[in-house]
Amino acid sequence: MNDRVARGAGAIPDEKYRLLWDNIPIWHRTRWLSEKFASHNACLVADTYTSAWCGSMKYIDENNFFDSMAEAYTRIYLNIGVDEMACMVLAMVDKYNVDGIVMHSNRSCKPYSLGQYDIAKIVEKERRIPSLILEADMVDERSFSESQVATRIDAFMEMIKASKQ
Amino acid sequence: MITAGIDIGSISTKAAVLSNGKLLGTRLIFTGYHAEAAGQAVFEELLKELGLERSAVRRVISTGYGRNSVKFVDKAVTEITCHGVGAHYLDNGVRSIIDIGGQDSKVIVIDEKGKVKNFAMNDKCAAGTGRFLEVMARALEVDLEVFGNLSLKAGSPSRISSLCTVFAESEVISLISRGEHRENIIAGIHESIAARVAAMANRVGMVPPVVMTGGVAKNMGVVKALEKKLGMTIRVSEYAQVNGAIGAAVLAEGLK
(Lines give C-alpha, C1' and ligand atoms only; values in the text may rest on other atoms or scores of the structure.)
Protein backbone atom coordinates (compact mmCIF):
# COMPACT_ATOMS: atom_id res chain seq x y z
CA MET A 1 0.00 0.00 0.00
CA ASN A 2 2.72 2.50 0.97
CA ASP A 3 4.62 1.47 -2.13
CA ARG A 4 1.57 2.17 -4.32
CA VAL A 5 1.04 5.54 -2.63
CA ALA A 6 4.69 6.40 -3.27
CA ARG A 7 4.31 5.46 -6.94
CA GLY A 8 0.98 7.29 -7.23
CA ALA A 9 -0.70 4.09 -8.43
CA GLY A 10 -4.45 4.14 -7.85
CA ALA A 11 -6.97 1.33 -8.08
CA ILE A 12 -8.13 2.45 -11.54
CA PRO A 13 -6.02 3.67 -14.49
CA ASP A 14 -7.09 7.31 -14.64
CA GLU A 15 -8.66 8.36 -11.35
CA LYS A 16 -10.37 11.76 -11.55
CA TYR A 17 -13.25 11.39 -9.10
CA ARG A 18 -13.19 9.87 -5.63
CA LEU A 19 -16.30 8.28 -4.16
CA LEU A 20 -17.26 6.90 -0.75
CA TRP A 21 -19.43 3.75 -0.62
CA ASP A 22 -22.02 3.31 2.12
CA ASN A 23 -23.54 -0.01 3.25
CA ILE A 24 -22.66 -3.64 2.48
CA PRO A 25 -21.47 -4.18 -1.12
CA ILE A 26 -23.87 -5.48 -3.76
CA TRP A 27 -21.79 -8.66 -3.76
CA HIS A 28 -23.21 -10.18 -6.96
CA ARG A 29 -22.43 -7.00 -8.98
CA THR A 30 -19.14 -5.75 -7.51
CA ARG A 31 -17.19 -6.18 -10.76
CA TRP A 32 -19.91 -4.59 -12.90
CA LEU A 33 -20.15 -1.65 -10.49
CA SER A 34 -16.41 -1.04 -10.27
CA GLU A 35 -16.10 -1.18 -14.07
CA LYS A 36 -19.07 1.16 -14.43
CA PHE A 37 -17.49 3.70 -12.07
CA ALA A 38 -14.05 3.24 -13.67
CA SER A 39 -15.58 4.04 -17.10
CA HIS A 40 -16.30 7.49 -15.63
CA ASN A 41 -12.77 7.70 -14.14
CA ALA A 42 -14.35 7.36 -10.72
CA CYS A 43 -12.94 5.20 -7.95
CA LEU A 44 -14.63 3.97 -4.78
CA VAL A 45 -11.80 4.93 -2.44
CA ALA A 46 -13.33 4.04 0.93
CA ASP A 47 -16.48 2.71 2.54
CA THR A 48 -18.32 2.73 5.83
CA TYR A 49 -18.68 -1.06 6.01
CA THR A 50 -15.13 -2.40 6.25
CA SER A 51 -14.52 -0.88 9.67
CA ALA A 52 -18.13 -0.94 10.84
CA TRP A 53 -17.50 -3.76 13.32
CA CYS A 54 -13.86 -3.26 14.30
CA GLY A 55 -13.89 0.55 14.38
CA SER A 56 -14.98 0.61 18.00
CA MET A 57 -12.14 -1.63 19.27
CA LYS A 58 -10.40 1.50 20.53
CA TYR A 59 -12.99 1.79 23.30
CA ILE A 60 -11.97 -1.52 24.86
CA ASP A 61 -9.96 -1.22 28.04
CA GLU A 62 -8.45 -4.45 29.31
CA ASN A 63 -8.51 -3.17 32.91
CA ASN A 64 -12.25 -2.53 32.75
CA PHE A 65 -13.21 -5.25 30.34
CA PHE A 66 -16.96 -5.73 30.82
CA ASP A 67 -17.92 -2.05 30.93
CA SER A 68 -15.68 -1.12 28.02
CA MET A 69 -16.86 -4.10 25.98
CA ALA A 70 -20.43 -2.90 26.46
CA GLU A 71 -19.36 0.52 25.29
CA ALA A 72 -17.59 -0.89 22.22
CA TYR A 73 -20.70 -2.85 21.24
CA THR A 74 -22.96 0.15 21.54
CA ARG A 75 -20.56 2.35 19.57
CA ILE A 76 -20.61 0.10 16.50
CA TYR A 77 -21.62 2.11 13.41
CA LEU A 78 -25.08 0.55 13.14
CA ASN A 79 -25.85 1.01 16.83
CA ILE A 80 -25.38 4.77 16.95
CA GLY A 81 -27.84 7.50 15.92
CA VAL A 82 -28.12 9.19 12.55
CA ASP A 83 -26.30 12.35 13.74
CA GLU A 84 -23.36 10.27 14.98
CA MET A 85 -23.31 8.25 11.77
CA ALA A 86 -23.28 11.48 9.75
CA CYS A 87 -20.29 12.70 11.82
CA MET A 88 -18.37 9.55 10.94
CA VAL A 89 -19.29 9.90 7.25
CA LEU A 90 -18.18 13.55 7.29
CA ALA A 91 -14.85 12.53 8.84
CA MET A 92 -14.36 9.98 6.04
CA VAL A 93 -15.35 12.57 3.41
CA ASP A 94 -12.56 14.81 4.71
CA LYS A 95 -9.98 12.08 5.24
CA TYR A 96 -10.39 10.52 1.79
CA ASN A 97 -11.11 13.78 -0.05
CA VAL A 98 -14.22 12.43 -1.77
CA ASP A 99 -16.36 14.08 -4.44
CA GLY A 100 -19.54 12.11 -3.86
CA ILE A 101 -21.18 9.35 -1.84
CA VAL A 102 -22.80 6.23 -3.23
CA MET A 103 -25.33 4.76 -0.83
CA HIS A 104 -26.63 1.25 -1.27
CA SER A 105 -30.14 1.09 0.14
CA ASN A 106 -29.95 -2.56 1.06
CA ARG A 107 -33.15 -4.57 1.37
CA SER A 108 -31.46 -7.24 3.45
CA CYS A 109 -29.99 -4.80 5.96
CA LYS A 110 -32.62 -2.33 7.09
CA PRO A 111 -30.71 -1.11 10.19
CA TYR A 112 -27.88 0.00 7.88
CA SER A 113 -30.22 1.55 5.30
CA LEU A 114 -32.43 3.47 7.70
CA GLY A 115 -31.33 7.10 7.91
CA GLN A 116 -29.41 7.22 4.62
CA TYR A 117 -31.56 10.03 3.22
CA ASP A 118 -30.93 12.07 6.37
CA ILE A 119 -27.20 11.39 6.27
CA ALA A 120 -27.18 12.41 2.57
CA LYS A 121 -28.90 15.68 3.48
CA ILE A 122 -26.46 16.41 6.32
CA VAL A 123 -23.42 15.76 4.08
CA GLU A 124 -24.93 17.93 1.32
CA LYS A 125 -25.49 20.74 3.82
CA GLU A 126 -22.11 20.50 5.58
CA ARG A 127 -19.78 19.77 2.67
CA ARG A 128 -21.82 20.48 -0.49
CA ILE A 129 -21.19 16.90 -1.61
CA PRO A 130 -23.92 14.99 -3.49
CA SER A 131 -25.10 11.46 -2.72
CA LEU A 132 -26.56 8.79 -4.95
CA ILE A 133 -28.92 6.16 -3.60
CA LEU A 134 -29.03 2.76 -5.29
CA GLU A 135 -31.83 0.39 -4.33
CA ALA A 136 -30.60 -3.20 -4.35
CA ASP A 137 -29.83 -6.16 -2.16
CA MET A 138 -26.48 -7.54 -1.01
CA VAL A 139 -27.35 -11.06 -2.18
CA ASP A 140 -30.73 -11.16 -3.95
CA GLU A 141 -30.10 -10.47 -7.64
CA ARG A 142 -33.83 -9.99 -8.28
CA SER A 143 -33.63 -6.64 -6.48
CA PHE A 144 -31.13 -5.27 -8.97
CA SER A 145 -32.20 -3.51 -12.16
CA GLU A 146 -29.14 -2.97 -14.33
CA SER A 147 -30.42 -0.29 -16.72
CA GLN A 148 -32.01 1.72 -13.89
CA VAL A 149 -28.81 1.60 -11.86
CA ALA A 150 -26.72 2.45 -14.95
CA THR A 151 -28.86 5.54 -15.66
CA ARG A 152 -28.56 6.70 -12.07
CA ILE A 153 -24.79 6.25 -11.99
CA ASP A 154 -24.34 7.93 -15.40
CA ALA A 155 -26.51 10.90 -14.32
CA PHE A 156 -24.71 11.15 -10.96
CA MET A 157 -21.32 11.22 -12.68
CA GLU A 158 -22.54 13.80 -15.24
CA MET A 159 -23.62 15.93 -12.28
CA ILE A 160 -20.25 15.61 -10.49
CA LYS A 161 -18.30 16.31 -13.69
CA ALA A 162 -20.43 19.40 -14.42
CA SER A 163 -19.98 20.70 -10.87
CA LYS A 164 -16.18 20.35 -11.09
CA GLN A 165 -15.93 22.29 -14.34
CA MET B 1 -24.27 25.25 -36.44
CA ILE B 2 -27.03 22.63 -36.72
CA THR B 3 -27.31 20.01 -33.97
CA ALA B 4 -29.77 17.28 -33.08
CA GLY B 5 -30.96 15.43 -30.01
CA ILE B 6 -32.63 12.02 -30.00
CA ASP B 7 -34.49 10.81 -26.92
CA ILE B 8 -35.32 7.10 -27.03
CA GLY B 9 -37.86 6.36 -24.32
CA SER B 10 -39.62 3.14 -23.41
CA ILE B 11 -42.83 4.14 -25.24
CA SER B 12 -41.91 6.97 -27.60
CA THR B 13 -38.82 8.23 -29.39
CA LYS B 14 -38.34 11.94 -29.90
CA ALA B 15 -36.01 14.10 -32.01
CA ALA B 16 -35.22 17.83 -31.99
CA VAL B 17 -33.08 19.90 -34.34
CA LEU B 18 -31.49 23.23 -33.42
CA SER B 19 -29.76 25.81 -35.59
CA ASN B 20 -27.51 28.25 -33.72
CA GLY B 21 -29.56 27.83 -30.59
CA LYS B 22 -32.90 28.24 -32.35
CA LEU B 23 -35.36 25.35 -32.39
CA LEU B 24 -36.06 24.28 -35.98
CA GLY B 25 -38.42 21.39 -35.28
CA THR B 26 -39.30 18.30 -33.27
CA ARG B 27 -40.83 14.93 -33.99
CA LEU B 28 -42.21 11.98 -32.02
CA ILE B 29 -42.83 8.34 -32.98
CA PHE B 30 -43.51 5.11 -31.08
CA THR B 31 -40.37 3.24 -30.05
CA GLY B 32 -41.66 -0.27 -30.68
CA TYR B 33 -39.26 -3.06 -29.95
CA HIS B 34 -36.21 -1.88 -31.86
CA ALA B 35 -34.70 1.14 -30.09
CA GLU B 36 -31.94 1.84 -32.60
CA ALA B 37 -34.29 1.64 -35.61
CA ALA B 38 -36.70 4.04 -33.88
CA GLY B 39 -33.87 6.49 -33.21
CA GLN B 40 -32.73 6.33 -36.81
CA ALA B 41 -36.31 6.64 -38.16
CA VAL B 42 -37.36 9.65 -36.08
CA PHE B 43 -34.12 11.45 -37.00
CA GLU B 44 -34.53 10.80 -40.75
CA GLU B 45 -38.21 11.79 -40.69
CA LEU B 46 -37.44 15.07 -38.94
CA LEU B 47 -34.59 15.89 -41.35
CA LYS B 48 -36.93 15.21 -44.29
CA GLU B 49 -39.64 17.39 -42.79
CA LEU B 50 -37.13 20.22 -42.32
CA GLY B 51 -35.60 19.68 -45.77
CA LEU B 52 -32.14 19.07 -44.30
CA GLU B 53 -29.38 16.68 -45.40
CA ARG B 54 -27.78 14.43 -42.77
CA SER B 55 -24.44 16.06 -43.55
CA ALA B 56 -25.82 19.46 -42.50
CA VAL B 57 -26.09 18.27 -38.89
CA ARG B 58 -22.77 18.80 -37.14
CA ARG B 59 -23.38 16.86 -33.94
CA VAL B 60 -25.98 14.50 -32.48
CA ILE B 61 -26.51 13.45 -28.86
CA SER B 62 -28.73 10.54 -27.83
CA THR B 63 -30.53 10.21 -24.51
CA GLY B 64 -33.23 8.13 -22.79
CA TYR B 65 -33.29 4.41 -22.09
CA GLY B 66 -32.12 3.53 -25.59
CA ARG B 67 -29.30 6.09 -25.61
CA ASN B 68 -26.51 3.53 -25.84
CA SER B 69 -28.17 1.49 -28.59
CA VAL B 70 -27.74 4.10 -31.33
CA LYS B 71 -24.33 4.03 -32.93
CA PHE B 72 -24.52 7.03 -35.29
CA VAL B 73 -24.44 9.65 -32.54
CA ASP B 74 -21.47 11.61 -31.15
CA LYS B 75 -22.32 11.01 -27.51
CA ALA B 76 -24.89 9.50 -25.17
CA VAL B 77 -26.04 11.56 -22.18
CA THR B 78 -28.61 10.57 -19.54
CA GLU B 79 -32.12 11.95 -19.75
CA ILE B 80 -31.64 13.51 -16.31
CA THR B 81 -28.96 15.90 -17.56
CA CYS B 82 -30.85 16.48 -20.84
CA HIS B 83 -34.14 17.32 -19.12
CA GLY B 84 -32.30 19.86 -16.97
CA VAL B 85 -30.71 21.52 -20.00
CA GLY B 86 -33.94 21.35 -22.06
CA ALA B 87 -36.10 22.87 -19.32
CA HIS B 88 -33.55 25.64 -18.79
CA TYR B 89 -33.42 26.34 -22.54
CA LEU B 90 -37.22 26.65 -22.80
CA ASP B 91 -37.65 28.62 -19.57
CA ASN B 92 -34.52 29.81 -17.78
CA GLY B 93 -36.39 30.61 -14.55
CA VAL B 94 -37.19 26.96 -13.84
CA ARG B 95 -35.47 25.35 -10.81
CA SER B 96 -37.13 21.93 -10.65
CA ILE B 97 -38.50 19.43 -13.11
CA ILE B 98 -41.05 16.68 -12.58
CA ASP B 99 -40.64 14.21 -15.43
CA ILE B 100 -43.09 11.36 -15.79
CA GLY B 101 -42.41 9.21 -18.79
CA GLY B 102 -43.46 5.79 -19.96
CA GLN B 103 -41.62 3.70 -17.42
CA ASP B 104 -40.20 5.99 -14.81
CA SER B 105 -40.79 9.18 -12.93
CA LYS B 106 -38.20 11.57 -11.61
CA VAL B 107 -37.73 14.87 -9.84
CA ILE B 108 -34.70 16.93 -10.90
CA VAL B 109 -33.43 20.08 -9.18
CA ILE B 110 -31.32 22.42 -11.35
CA ASP B 111 -29.29 25.56 -10.71
CA GLU B 112 -29.60 28.92 -12.48
CA LYS B 113 -27.51 27.60 -15.38
CA GLY B 114 -29.56 24.43 -15.91
CA LYS B 115 -27.00 22.12 -14.27
CA VAL B 116 -28.38 19.24 -12.23
CA LYS B 117 -28.01 19.75 -8.47
CA ASN B 118 -29.92 16.71 -7.28
CA PHE B 119 -32.36 14.11 -8.59
CA ALA B 120 -34.54 11.21 -7.47
CA MET B 121 -36.06 8.44 -9.51
CA ASN B 122 -38.82 5.96 -8.75
CA ASP B 123 -37.64 2.46 -8.00
CA LYS B 124 -37.78 -0.23 -10.58
CA CYS B 125 -41.48 -0.65 -11.30
CA ALA B 126 -44.06 1.02 -13.50
CA ALA B 127 -46.11 2.41 -10.61
CA GLY B 128 -47.25 5.95 -11.25
CA THR B 129 -45.85 6.18 -14.77
CA GLY B 130 -47.28 6.51 -18.26
CA ARG B 131 -47.54 2.73 -18.57
CA PHE B 132 -49.50 2.61 -15.30
CA LEU B 133 -51.99 5.15 -16.70
CA GLU B 134 -52.33 3.15 -19.92
CA VAL B 135 -53.24 0.03 -17.92
CA MET B 136 -55.76 1.99 -15.82
CA ALA B 137 -57.34 3.63 -18.88
CA ARG B 138 -57.78 0.18 -20.41
CA ALA B 139 -59.37 -1.23 -17.25
CA LEU B 140 -61.80 1.70 -17.22
CA GLU B 141 -62.40 1.59 -20.98
CA VAL B 142 -61.54 5.25 -21.33
CA ASP B 143 -59.55 6.74 -24.17
CA LEU B 144 -56.21 8.03 -22.83
CA GLU B 145 -56.82 11.38 -24.54
CA VAL B 146 -59.89 12.15 -22.39
CA PHE B 147 -58.68 10.30 -19.28
CA GLY B 148 -57.02 13.37 -17.73
CA ASN B 149 -59.86 15.82 -18.22
CA LEU B 150 -62.49 13.37 -16.95
CA SER B 151 -60.92 13.43 -13.49
CA LEU B 152 -61.41 17.20 -13.27
CA LYS B 153 -65.16 16.51 -13.04
CA ALA B 154 -64.79 14.18 -10.03
CA GLY B 155 -67.03 14.86 -7.05
CA SER B 156 -65.02 12.90 -4.51
CA PRO B 157 -61.87 11.08 -5.60
CA SER B 158 -61.70 7.38 -4.72
CA ARG B 159 -58.88 6.12 -2.55
CA ILE B 160 -56.41 3.93 -4.41
CA SER B 161 -54.11 2.66 -1.71
CA SER B 162 -51.97 0.36 -3.81
CA LEU B 163 -49.22 1.82 -5.98
CA CYS B 164 -48.26 -1.39 -7.73
CA THR B 165 -49.71 -1.42 -11.27
CA VAL B 166 -51.03 -4.96 -10.94
CA PHE B 167 -52.60 -4.48 -7.49
CA ALA B 168 -53.96 -1.04 -8.37
CA GLU B 169 -55.68 -2.54 -11.41
CA SER B 170 -57.45 -5.08 -9.17
CA GLU B 171 -58.40 -2.26 -6.83
CA VAL B 172 -59.84 -0.26 -9.74
CA ILE B 173 -61.79 -3.27 -10.94
CA SER B 174 -63.33 -3.77 -7.50
CA LEU B 175 -64.26 -0.06 -7.41
CA ILE B 176 -65.95 -0.46 -10.83
CA SER B 177 -67.94 -3.46 -9.60
CA ARG B 178 -69.06 -1.45 -6.57
CA GLY B 179 -70.52 1.08 -9.00
CA GLU B 180 -68.10 3.92 -8.23
CA HIS B 181 -68.15 6.78 -10.78
CA ARG B 182 -65.45 6.64 -13.40
CA GLU B 183 -64.45 10.27 -12.77
CA ASN B 184 -63.86 9.55 -9.09
CA ILE B 185 -61.75 6.47 -9.81
CA ILE B 186 -59.61 8.36 -12.32
CA ALA B 187 -59.17 11.25 -9.88
CA GLY B 188 -58.12 8.70 -7.23
CA ILE B 189 -55.53 7.23 -9.62
CA HIS B 190 -54.13 10.71 -10.25
CA GLU B 191 -53.97 11.45 -6.54
CA SER B 192 -52.03 8.24 -5.93
CA ILE B 193 -49.48 9.33 -8.57
CA ALA B 194 -49.28 12.80 -7.00
CA ALA B 195 -48.64 11.31 -3.56
CA ARG B 196 -45.77 9.24 -4.94
CA VAL B 197 -44.17 12.17 -6.76
CA ALA B 198 -44.61 14.42 -3.71
CA ALA B 199 -42.62 11.94 -1.61
CA MET B 200 -39.82 12.04 -4.20
CA ALA B 201 -39.99 15.86 -4.35
CA ASN B 202 -39.62 15.98 -0.60
CA ARG B 203 -36.61 13.63 -0.63
CA VAL B 204 -34.77 15.63 -3.25
CA GLY B 205 -35.58 19.09 -1.84
CA MET B 206 -37.61 20.38 -4.79
CA VAL B 207 -37.72 24.18 -5.21
CA PRO B 208 -40.16 26.27 -7.30
CA PRO B 209 -40.69 27.28 -10.09
CA VAL B 210 -41.48 23.76 -11.26
CA VAL B 211 -42.04 22.55 -14.80
CA MET B 212 -43.49 19.19 -15.72
CA THR B 213 -42.09 17.22 -18.67
CA GLY B 214 -42.66 13.81 -20.24
CA GLY B 215 -45.76 12.35 -21.84
CA VAL B 216 -47.80 12.36 -18.62
CA ALA B 217 -47.57 16.19 -18.55
CA LYS B 218 -50.29 16.10 -21.22
CA ASN B 219 -52.67 14.68 -18.60
CA MET B 220 -54.23 17.75 -16.92
CA GLY B 221 -55.69 15.56 -14.18
CA VAL B 222 -52.18 14.56 -13.01
CA VAL B 223 -50.94 18.16 -13.26
CA LYS B 224 -53.86 19.45 -11.15
CA ALA B 225 -53.49 16.65 -8.59
CA LEU B 226 -49.77 17.47 -8.28
CA GLU B 227 -50.46 21.20 -7.86
CA LYS B 228 -52.93 20.43 -5.09
CA LYS B 229 -50.62 17.97 -3.31
CA LEU B 230 -47.50 20.16 -3.59
CA GLY B 231 -49.30 23.47 -2.98
CA MET B 232 -47.65 25.21 -5.93
CA THR B 233 -48.35 25.94 -9.58
CA ILE B 234 -46.72 23.72 -12.17
CA ARG B 235 -45.73 24.98 -15.60
CA VAL B 236 -46.29 22.74 -18.61
CA SER B 237 -44.63 23.67 -21.86
CA GLU B 238 -46.00 22.74 -25.26
CA TYR B 239 -42.67 20.91 -25.70
CA ALA B 240 -43.09 18.77 -22.54
CA GLN B 241 -42.74 15.48 -24.40
CA VAL B 242 -39.71 16.51 -26.48
CA ASN B 243 -37.95 18.40 -23.66
CA GLY B 244 -35.24 15.73 -23.30
CA ALA B 245 -34.52 15.68 -27.04
CA ILE B 246 -34.28 19.50 -27.06
CA GLY B 247 -31.86 19.35 -24.11
CA ALA B 248 -29.71 16.81 -25.98
CA ALA B 249 -29.60 19.10 -29.06
CA VAL B 250 -28.60 22.07 -26.86
CA LEU B 251 -25.83 19.99 -25.23
CA ALA B 252 -24.62 18.92 -28.69
CA GLU B 253 -23.89 22.60 -29.45
CA GLY B 254 -21.44 22.82 -26.58
CA LEU B 255 -19.81 19.45 -27.29
CA LYS B 256 -16.14 19.56 -28.12
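From a predicted model like this one, the values you see are computed outputs, not experimental measurements.

So, about the overall build of chain B. A count of helices and strands for chain B gives 8 helices and 10 strands. Computed over its C-alpha atoms, the radius of gyration of chain B comes to 18 Å, within 12% of the 18 Å expected for a compact globule of 256 residues. Taking the principal axes of its C-alpha atoms as reference, chain B extends roughly 60 × 35 × 30 Å. Out of the 256 residues in chain B, the part that is buried amounts to 55%. In chain B, the proportion of contacts linking residues at least 24 apart, taken out of those at least 6 apart, comes to 64%. Across chain B, the mean location of the 30 positive side-chain charges is 5 Å away from that of the 26 negative side-chain charges.

Attention now goes to the confidence of the model for chain B. Considering every residue of chain B, the mean pLDDT works out to 90; 98% of them sit at 70 or more. Interface scoring of the predicted complex returns ipTM 0.82; its pTM is 0.88.

Looking now at the sheet that holds strand β2 (residues 12–19) of chain B. All names here are of chain B. Pairing is mixed in the open sheet, where 5 strands are placed in the order β3-β2-β1-β4-β5. In the strand order of this sheet, the two ends are held by β3 (22–30) and β5 (75–76), each with one partner. Pairing of β2 with β3 involves 8 bridges; the strand directions are antiparallel. When the bridges of β3 are listed, lysine 14 appears paired with leucine 28.

Attention shifts here to unusual backbone geometry. With an omega of -5°, the peptide bond between proline 208 of chain B and proline 209 of chain B qualifies as cis. Note on placement: proline 209 of chain B falls in the loop between α6 (182–204) and β9 (210–213). We note that asparagine 41 of chain A has phi near 60°; this positive angle belongs to a residue other than glycine. Its place among the elements puts asparagine 41 of chain A in the loop between α2 (30–38) and β2 (42–47). Owing to a relative accessible area of 23%, asparagine 41 of chain A belongs among the partly exposed residues under this scheme.

Rules of the game
- Residues numbered from 1 in each chain as written.
- Chains lettered and ligands numbered in written order.
- Predicted model: local features only at pLDDT ≥ 70, side-chain atom pairs only at ≥ 80, totals over all residues.
- Heavy atoms only, no water.
- Helix = DSSP H or I, 4+ residues; strand = E, 2+ residues; numbered from the N terminus.
- Rg over C-alpha atoms; globule rule 2.2 N^0.38 Å.
- Buried < 20%, exposed > 50% of the residue type's maximum accessible area, 1.4 Å probe, protein only.
- Contact = heavy atoms within 4.5 Å.
- Lys, Arg positive; Asp, Glu negative; His and termini not counted.
- Charge placed at Lys NZ, Arg CZ, Asp CG, Glu CD.
- pLDDT = per-residue confidence, 0-100.
- Pairing = 2+ DSSP bridges.

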